[in-house]
Amino acid sequence: AQEAVKIGLILPMTGPFASTGKQIDAAVKLFLAREGATHGGRKLEVILKDDAGNADATRRLAQELVVNDKVSVLAGFGLTPLAMATAQIATQAKVPEIVMAAATASITEASPYIVRTSFTLPQASEPMAHWAAKNGVKKVFTVVTDYGPGIDAETSFANTFKEAGGTVESVRIPLRNPDFAPFLQRVSEAKPDALFVFVPSGVGAQFMKQFIERGLDKAGVKLIGTGDVVDDDILEGMGDVALGAITTHHYSAAHDSPANKAFVEAFQKANPGMRPNFMAVGGYDGMKLIAKALDATKGDASGDKLIAAMKGASWESVRGPVKIDPDTRDIIQNIYVRKTQKLGSELHNVEFETIKDVKDPVKARK
Amino acid sequence: MPDASLPELLKIEKLSAGYGEAQVLFDIDLTLAEGHSLALLGRNGVGKTTLVNSIIGVTRRRGGRIVLAGRDLTAASPEQRAHAGIGWVPQERNIFKSLTVLENLTAVARPGPWDAARVFGMFPRLAERKTNLGNQLSGGEQQMLAIGRALMLNPKLLLLDEPTEGLAPIIVEELLKALKALFREEGLSAIVIEQHARKILELTDETIVLERGRVVLAERSATLIAEPERLEHHLGLAAAA
Amino acid sequence: MSAVLQTFDLSKSFGGITATDHVDFTLAKGARHALIGPNGAGKTTFVNQLTGVLRPSSGRIELMGEDITRLPREARVKRGLARTFQINQLFGTMTPLEMIALVTSERLGRGSHPFRALDRDLELVGQTAEILTRFRIDDIMDRRIATLPYGKQRQIEIAAAFAARPSVLLLDEPAAGVPEAERRDLMQTVAALPDDVSVLLIEHDMDLVFRFATRITVLVNGRVLAEGTPEEMAHDPAVRAAYLGEGAHA
Amino acid sequence: MTMPVLETRVRQALFASRRWHPAEIVFWCLAFAAFLLFPRNLLLLNEIAILALFALSLDLILGYAGIVSLGHAAFLGMGAYAAGLLAKHVTADPFAGLLAGMGAAGLLGLVTSPLVLRGTDLTRLMITLGVALILYELANSFSTLTGGADGLQGIMMAPVLGLFDFDIFGRTAYLYSLSVLFLLFLIARRVVHSPFGLSLRAIRDNPLRAAASGVPNDRRLAAVYTLAAAYAGAAGALLAQTTQFVSLDVLDFHRSADLMLVLIIGGAGYLYGGLIGAIAFKLLQDLIASFTPQYWMFWIGLFLVLFVLGGREMIHGAVKAAAARFARLGKGAAR
Amino acid sequence: MLTILFDGIAYGMVLFVLGCGLSVTMGLMNFVNLAHGAFAMLGGYVAVLAMQRLGLPFLASLPLAFLAAALVGVVLERLIYRPMYTKSHLDQVMFSIGLVFMAVAGTDWLMGSTQQFIRLPDWLQGRFEVAGIGIGRYRLFVIVVCGLLAVSLQWGFTRTRFGSRLRAAVDDARVARGLGIPVNRLFALTFALGSGLAGLGGALGIELMGLDPTFPLKFMIYFLIVVTVGGTSSITGPFFAAMLLGVADVVGKYLVPQVGAFIIYALMVVLLITRPHGLFARARA
Ligand SMILES: Nc1ncnc2c1ncn2[C@@H]1O[C@H](COP(=O)(O)OP(=O)(O)OP(=O)(O)O)[C@@H](O)[C@H]1O
Ligand SMILES: Nc1ncnc2c1ncn2[C@@H]1O[C@H](COP(=O)(O)OP(=O)(O)OP(=O)(O)O)[C@@H](O)[C@H]1O
Ligand SMILES: [Mg+2]
Ligand SMILES: [Mg+2]
């Protein structure tokens, strides 16, 4: 047998973004268990490293993985700066960098060796704008966290929605912010038809609770946003406050397909108490992509060959059909419009509309 | 030497003590009868303060026994000793700096004839400064407060470590008078350390002199007043004068 | 005799307490002057104002004719006003040598020099050595100050003040806590200071005060009660009543 | 003792404190030898060198002047951004970047120094923390300049001295960082043994007496604060240059907090504390993290607790003992 | 506008409850306990478990959170905190950060890294309007509970002998013992109280600030701000500091969201420079 193909998996396993790391780590393990560790005739060996969400740690770990451990693929990357910090290394060492979570649109432009299996924020926000415009929403107030992804979501939503004839007001929340009262109060005074929100998934629940507490739902304000606020991972704990939220995203654990049912079941069996979310799917499909590329190259793990094989690769993911855009190396996928509802006793994001084969709109426009 | 007719208040047997690794006191024996007071003399650094601190229990004991009014305090903690009836005026005064003058008194108070009003009667200056914080007092005022604070415990035995240091001559005079009255009329016992022996020999019943951590002279104070040369021998001319 | 240090109407109050109350005071050149008074009379407060530790509520301080009321502490030292503290204020982790070297280096204006090596500075070395011998602390010069006996620390306190080569030296109870035998040594050291240094002494030990001072000011309740020669003060009935008491020297 | 004899003794005593100890020489030889000894770990070594420089900076104000700070990351970040921006927009020369980083951070230190002159330890901790957090938010807000949360991209460094290119193995990076560290260490060593350094210790020990001895406390503290800021800026510049990337993280609170731990582990006030602390902290973190990527924090925490509860004297004792042994060896060799 | 003022006050109250336990240990015992947030987290998790697993009502889980944190506080005080009292502040910082790390990783291991939530009883949900001011029921509840707490603490520490004995013990433990003050018992009691308050704060705060294993790190800065700005010599200090910061933060973010992130830090720096010993520090010599 040939030597194993090493994959350096760098994730935030500790710190405020630990849940991202855990979802992906669990998904990667699940992939190896379900689909086998041998692909293209070679065994996959995953080396997990924790960067705690610090960009220079990510960079150093990536460098060490390349130099010392001779990994053939770098994967993981929970946050945009972490993926960005590694781009140069990927280029220099000609090692593919599989981004499984970070969602700022520009990441794949930082290096020709970056491929993404998660999503981009514009990809999820623009369909929301279209849907809102079509469904009688005239005036939207956007509330986003003041950092890269938030600004991405805000701009792509606002631009699209204005083009569609709506009016938008915006406010940004600082990164460290325990209380949403002042922002929600502004929303409540502006009396919009809908509130578009993007906050990092951990604080989504807090936001939703205060949204309800302030009586905005009763005042007739629709809550819309990307799937991040109603992250499957914590949805159950949020309770009824999440009911009725309309979001657009590429994955819901309630996605109605046999493949997904089996995936969710297996995931929950391996990780009691956890529900797979979009991070997990990004991780799972990242592994899938690596496996497919190795199959295609018949086990040749040199960077350029792998990247070539990844471009244009397509498969049926648990989220629906996906394809790697050969031009941008971003993922092309369906975006679903979902409503948060009770399924039995559990809360779920139930998909009710599908927008097919969405490319990252930012790059598509260029 | 101790009066056999009076009951014993304090008995120290073969006490050795020090700080950390250093031993300062060696085999100290001492008995004090109820109602009697003791002058503790000696040159600088011979261990006077260490002896007083060992009685209250804030040094490191290396051997020996301490009994107060028949109760063995050898293993007792400082706070238990204080409750057993010892009042302490530390050499450095150690006023509680974030407590007011009044709180410094009430925080340690125990029931008995001494209360804040009586302390203020003894040191009118303190009454004027009742609400000052401990660190807003002049040096002498702190000294007065330290004495008053010890009295608030209503002790059977008062430990006074250089109580006249930093006080104006006129206050010293008054303080000594007041102490004399306490010793003679209220039967309070005390151990008094003093640099100037002559100030306190009249006040006390007995005297011991320390030298390098050992007792080198134990005598009735009255005898020493009569025979000053014996003190001179141990303390040098200046102090005994 | 000309005045080196003068205060005009100097007052300081803490809330309701007036610690010094319109004090007019003159220290003559080369004086051996003592400041006495009951506890809480305001002596320490007075010295603290002179040296800039406390800011006067009102009034003026002049050092050799110049107004120094608002000068920062270190500037007063540079102009020749040094002090000791009632409670030792030493550099615990330094050796006596380092402490004296520090004061000397500041006086020589070297303090802001970031690269010069101390031992290469011969002037500094010479003057430091001179102070160490004058105050007889050369035998303990490389032990940590914090570990030295109290009497020695007291001596270092005075040596450090003197190392600033002051024209006025303020001594706040320098002998407090120093044993009888060493007390005289200490005072002799002070008495032997050069004539052009004016000394103001605060002390409760009347033996020392009367032996040392040629002039005495008595402060009571923040005000100057009396001033004069030791002889005059010892017999002044008001002073006896307020401070000395009955048993005092006649 | 006669005067000349005493003067000689005084000189010797003053000289003794700044004499090179044999252990110091061994330490630096080992630091440079590590380049050959651990070729696989140069990246980690580079991080250690940078952290050591950063800790040296904190030691200057904490160990020598008694100023505690929980916001030292402000200067690290300032240096990193200054060096990064310079490289991106003006010149890619490493030394220019280093100077820019030091200058910018030093200026920030000078401007903010009045804030730390007064107050208790606690107020100082919080004020420095506040300044760093404000800077963090500023860097986030001015994302057009700094790249915001995405980080400053596209830094390309020219070779050091026009000869040594930054390679992926970190060879140039380590030697470059270590050389800068060594040079700045030499300067720091001079400074702390100068009259200026002595006056800092005086202020730390007893500000009241220092002022009464003629030391202008405020000006000296401001000066050393500025110097330390420039040192931290140098560390930031090295970080930006050797990783060719700057993210908001350089300004984050955990940087300052970790730094504090590093210095306490190594011991403040003798210049090597920060260096030793940096080595210990990074190695420990790396070691534990490679065993248990998910729960390494627990073990670091346990280490810190045990360290304070009892081990601190032990480790510092061991360091002293080792130094003493080297000294004896050194003397033996000299004889 | 008044609505937003009310929100600010409630936010300040939560800050106060979380911080006041720390002013008890840090201000009164002069012990820098950065692990304070860990006790708050403990309280939070106890409340969550009590409600989720034992099905206890919210009100019953609050005292439980207090007791559990106080109990753990006492045990830790006995076992490991006591030798720390005499060490330097830097040692205490390092020690308690170590504890925080352990608590963060340990909780993560035991409870997982996801956010925890509680369900409030119906009477605490929603809001009502009084004279045009929207008042959230839960926020009102928090204000009432915390207000009562503030008053009784202030009374306890300044007006009672317990308070003055405790301060005496902090000023000089050796002499305090020599004068009959049971220092160890006072400290243990106070530590328990401080930890208990943290636990209570953690439980009350879940609804407004969330709860996950990184809680002690995330909110450490806020506790510290409250305590330093408030000063460590009283309870009123941190109380008003928390109010001021809470209101300024909320109102500032409402009026000028662009500078929202800076307000609390800038205010802290300004306050600390003008009042370095805290808002209500008693004059010092
Ligand atoms: N905390 C301490 N640690 C170590 N040694 C000490 C300590 N306190 C005092 N000593 C030493 O113990 C010895 C006795 O000191 P002590 O204070 O008991 O003497 P003293 O007779 O009271 O002197 P004085 O007249 O100066 O008050 C001295 O040599 C002193 O240096
Ligand atoms: N910070 C302060 N706040 C309030 N009152 C103060 C403060 N400092 C000193 N005082 C008061 O001012 C008065 C003068 O104090 P000062 O220390 O000057 O007295 P002193 O003459 O040096 O007395 P002593 O001989 O006892 O040292 C005292 O009554 C003292 O209580
Ligand atoms: Mg003594
Ligand atoms: Mg005084």
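Residues numbered from 1 in each chain as written. Chains lettered and ligands numbered in written order. Predicted model: local features only at pLDDT ≥ 70, side-chain atom pairs only at ≥ 80, totals over all residues. Heavy atoms only, no water.

Enquirer: I would appreciate a short explanation of the overall build of chain D in the present structure.
Expert: Of regular secondary structure, chain D possesses 14 helices and 0 strands. The globule rule puts the C-alpha radius of gyration for 335 residues at 20 Å, and the 21 Å found for chain D is close to it. With the principal axes as the frame, chain D shows a C-alpha extent of 70 × 45 × 45 Å. Within chain D, the fraction of its 335 residues that count as buried is 60%. Put simply, 78% of the contacts in chain D that link residues at least 6 apart link residues at least 24 apart. Accessible surface for chain D amounts to roughly 12400 Å². Of this, 70% is attributable to carbon and sulfur atoms. (Helix = DSSP H or I, 4+ residues; strand = E, 2+ residues; numbered from the N terminus. Rg over C-alpha atoms; globule rule 2.2 N^0.38 Å. Buried < 20%, exposed > 50% of the residue type's maximum accessible area, 1.4 Å probe, protein only. Contact = heavy atoms within 4.5 Å. Areas by Shrake-Rupley, 256 points an atom, 1.4 Å probe, with all protein chains shown as cover.)

Enquirer: I keep staring at the overall build of chain A and nothing clicks. Help me out?
Expert: Within chain A one finds 12 helices and 15 strands. Each of the three principal axes of chain A carries a C-alpha extent, and together these read 65 × 40 × 35 Å. Long-range contacts, defined as pairs at least 24 residues apart, comprise 67% of the intrachain contacts of chain A with a sequence gap of at least 6. Entry remark: accessible area of chain A is about 11700 Å², with carbon and sulfur atoms responsible for 51%. Within chain A, one finds 43 positive and 43 negative side-chain charges whose respective centroids are separated by 2 Å. (Lys, Arg positive; Asp, Glu negative; His and termini not counted. Charge placed at Lys NZ, Arg CZ, Asp CG, Glu CD.)

Enquirer: What is the right way to read the sheet that holds strand β1 (residues 3-14) of chain C from this model?
Expert: Backbone hydrogen bonds are what pair the strands of a sheet, in a parallel or an antiparallel way. Residue and element names in this part refer to chain C. The 4 strands are arranged β2-β1-β4-β5 in an open sheet whose pairing can be described as antiparallel. In the strand order of this sheet, the two ends are held by β2 (17-28) and β5 (66-67), each with one partner. Sheet strands in contact with helix α1 (residues 43-51) are β1, β2 and β4 (58-63), and its direction is about 115° off that of β1. (Pairing = 2+ DSSP bridges. Axes fitted to C-alpha atoms, helices over the stretch in contact; angles between N-to-C directions.)

Enquirer: Explanation requested: empty space enclosed by the protein in the structure shown.
Expert: Unoccupied space between atoms shows up once a probe the size of one water molecule is rolled over them. A full pass over the atoms with the stated rule returns 10 cavities of 30 Å³ or more. In this structure, the largest cavity spans a volume of roughly 120 Å³. As for the largest cavity, its lining consists of 14 residues, of which Leu70(D), Leu125(D), Leu34(E), Val93(E) and Leu224(E) are closest to the centre. Those elements that provide at least two residues to the lining of the largest cavity are α6 (121-141) and α12 (253-266) of chain D together with α4 (89-111) and α10 (220-230) of chain E. With 4 residues, the top contributor of residues to the lining of the largest cavity is α12(D). Roughly 90 Å³ of internal volume is contained in the second largest cavity. Looking at the lining of the second largest cavity, the elements with two or more residues in it are α2 (55-67) of chain A together with α3 (42-65) and α11 (217-243) of chain D. Considering each element in turn, the lining of the second largest cavity owes the most residues, 4 residues, to α2(A). Taken together, the residues of the lining of the second largest cavity break down into 2 nonpolar, 4 polar and 4 charged. (1 Å grid on protein atoms, 1.4 Å probe; cavity = no way out; pocket = protein on both sides within 12 Å on 5 of 7 lines; lining within 4 Å. Points joined across faces, edges and corners; volume = space filled by probe spheres on them. Nonpolar A, V, L, I, M, F, W, Y, C, P; charged D, E, K, R; others polar.)

Enquirer: Is there a simple way to think about the sheet that holds strand β10 (residues 223-228) of chain C in this case?
Expert: Residues and elements named next belong to chain C. The sheet built from 6 strands is open, its strands ordered β6-β7-β8-β3-β9-β10 with mixed pairing. The open sheet terminates on both sides in strands that have one partner only, identified here as β6 (81-83) and β10. Neighbour-to-neighbour, the strand axes of the sheet open up by a mean angle of 20°, direction not taken into account. Direction of pairing for strand β3 (residues 32-36) relative to strand β8 (residues 198-202): parallel, over a ladder of 4 bridges. Within β8, the residue paired with Ala34 across the bridge is Leu201. Lying on the sheet, α1 is in contact with β3, β6, β7 (168-172), β8 and β9 (215-220); it crosses β6 at an angle near 140°. Where helix α5 (residues 150-163) meets the sheet, it contacts β6 and β7, and its direction lies at approximately 160° from that of β7.

Enquirer: Teacher, can you tell me more about the side chain of Ser111(A) here?
Expert: Residue and element names in this part refer to chain A. Within the secondary structure, Ser111 sits in the loop between β5 (97-99) and β6 (114-116). The class of Ser111 is buried, set by a relative accessible area of 2%. Engagement of the side chain of Ser111 in a polar contact is seen with the side chain of Thr91, the distance being 2.9 Å. The residues touching Ser111, leaving out its near neighbours within four places in the chain, are Ala87, Ala90, Thr91 and Arg329. (Polar contact = N/O pair within 3.5 Å; in protein donor to acceptor, adjacent residues only side chain to side chain.)

Enquirer: Is there a simple way to think about the interface of chain C and chain D in this case?
Expert: Where the parts come together, the accessible area they lose is often given as the size of the interface. Counting from both sides, the interface comprises 46 residues of chain C and, opposite them, 35 residues of chain D. Buried area between chain C and chain D, summed over both chains or domains, comes out near 3800 Å², and the portion from carbon and sulfur atoms is 63%. Taken together, chain C and chain D are joined by 4 salt bridges. In this assembly, chain C and chain D are joined by 19 residue pairs in polar contact (both at pLDDT 80 or more). (Buried area = accessible area lost by both parts, 1.4 Å probe. Salt bridge = Lys/Arg side-chain N within 4 Å of Asp/Glu carboxyl O.)

Enquirer: I tried to follow the interface of chain C and chain B on my own but got confused; where do I start?
Expert: Of the residues lining the interface, 24 residues belong to chain C; the matching set on chain B comes to 21 residues. Roughly 1600 Å² is buried in total at the junction of chain C and chain B, and carbon and sulfur atoms are behind 50% of that figure. Connecting chain C to chain B are 0 salt bridges. Here chain C and chain B share 6 residue pairs in polar contact (both at pLDDT 80 or more) between them. In terms of residue count, the dominant contributor to the side of chain C that touches chain B is helix α9 (residues 237-244) of chain C (5 residues).

Enquirer: Where do I start with the coordination of the magnesium ion (ligand 3) in this structure?
Expert: Around a metal, the ideal angle is 109.5 degrees if four donors adopt a tetrahedral arrangement and 90 or 180 degrees if six donors adopt an octahedral arrangement. Here the magnesium ion (ligand 3) is held by Thr49(B) (OG1) and Gln91(B) (OE1), and the distances to it run 1.8 to 2.2 Å. Within this pair, whereas Thr49(B) is found in helix α1 (residues 48-56), its partner Gln91(B) is found in the loop between β6 (86-89) and α3 (101-106), the two being separated by 42 residues in sequence. (Donors = N, O, S within 2.8 Å, 3.2 Å for Na, K, Ca; no water.)

Enquirer: Sorry if this is basic, but what is going on with unusual backbone geometry here?
Expert: Glycine aside, residues mostly have negative phi, and peptide bonds are mostly found in the trans state. Phi angles above zero are rare outside glycine, and Arg212(B) is one such case at about 45°. By secondary structure assignment, the location of Arg212(B) is in the loop between β9 (206-211) and β10 (214-220). Classification of Arg212(B) by relative accessible area gives exposed; the value is 73%. With a phi angle near 50°, His22(C) is a residue other than glycine that sits in the positive phi range.

Enquirer: I'm lost on the pattern of salt bridges in this one. Help?
Expert: For the coordinates displayed, the defined rule picks out 56 salt bridges over all chains. In this structure, the salt-bridge partner of Asp171(E) is Lys97(B), at a minimum N-O distance of 3.7 Å. Here the residue Asp171(E) occupies a position in helix α6 (residues 161-171), and Lys97(B) occupies one in the loop between β6 and α3, the pair thus bridging two chains. Residue class for Lys97(B) comes out partly exposed when judged on its relative accessible area of 45%. Among the ionic pairs, Glu227(B) bridges to Arg230(B), the shortest N-O distance being 3.4 Å. In this structure Glu227(B) comes out as partly exposed when scored by relative accessible area, which is 29%. Overlapping salt bridges bring together Arg60(A), Glu64(A), Glu47(D), Lys282(D) and Asp286(D) as one network.

Enquirer: In this structure, what is going on with the nonpolar core? I would like to understand it.
Expert: It is characteristic of soluble globular proteins that their nonpolar side chains tend to be buried jointly. Leu10(B), Ile191(B) and Leu53(D) are the most contacted members of the largest nonpolar core, which totals 431 residues. Per-element accounting of this core gives the leading share, 18 residues, to α3(D). If we ignore the near neighbours within four places in the chain, the residues touching Leu53(D) are Val180(D), Leu181(D), Leu184(D), Tyr231(D), Ala234(D), Ala235(D) and Leu238(D). (Core = buried A, V, L, I, M, F, W, Y, C linked by side-chain atoms within 4.5 Å.)

Enquirer: Looking at this structure, how should I read the site of ligand 1?
Expert: Residues and elements named next belong to chain B. The full set close to ligand 1 counts 13 residues, and Asn44, Gly45, Thr49, Thr50 and Gln91 are the nearest of them. Note that an oxygen atom of ligand 1 is positioned 3.2 Å from one of the backbone N or O atoms of Val46. In isolation ligand 1 offers 640 Å² of accessible surface; the protein chains occlude 61% of this area. For the shell around ligand 1, the element with the most residues is α1, which contributes 3 residues. (Near = heavy atom within 4 Å.)

Enquirer: Please clarify how the packing of helix α2 (residues 36-52) of chain E against helix α3 (residues 58-81) of chain E should be interpreted in this entry.
Expert: Any two packed helices are characterised by how steeply their axes cross, that is the angle between the axes, and by the distance between the axes. All names here are of chain E. Interaxial distance between α2 and α3 falls to 8 Å at its minimum, and their mutual angle equals 140°. On the basis of the axis angle, α2 is oblique to α3. Handedness of the α2/α3 crossing: right-handed. Contacts between α2 and α3 involve Phe39, Leu42, Gly43, Val46, Ala47, Ala50 and Met51 on the former and, on the latter, Phe58, Ser61, Leu64, Ala65, Ala68, Ala69, Val72, Gly73, Leu76 and Tyr81. Class assignment of the residues belonging to the contact of α2 with α3 gives a composition of 14 nonpolar, 3 polar and no charged. (Parallel < 35°, antiparallel > 145°, perpendicular 65-115°, else oblique. Left-handed = near helix turned anticlockwise from the far one by under 90°.)

Enquirer: Just to check I follow, could you spell out the site of ligand 2 for this structure?
Expert: Near ligand 2 lie 23 residues; those nearest to it are Ser138(B), Gly140(B), Lys43(C), Thr44(C) and Thr45(C). Between ligand 2 and Ser138(B), the relevant distance is 2.6 Å, taken from an oxygen atom to a side-chain nitrogen or oxygen of the residue. Within the side chain of His204(C), an N or O atom sits 2.8 Å from an oxygen atom of ligand 2. Notes on ligand 2: free accessible area 640 Å², of which the protein chains cover 93%. Elements with a minimum of two residues in the shell around ligand 2: α6 (139-151) of chain B together with β2 and α1 of chain C. Residue composition of the shell around ligand 2, by class: 6 nonpolar, 12 polar and 5 charged.

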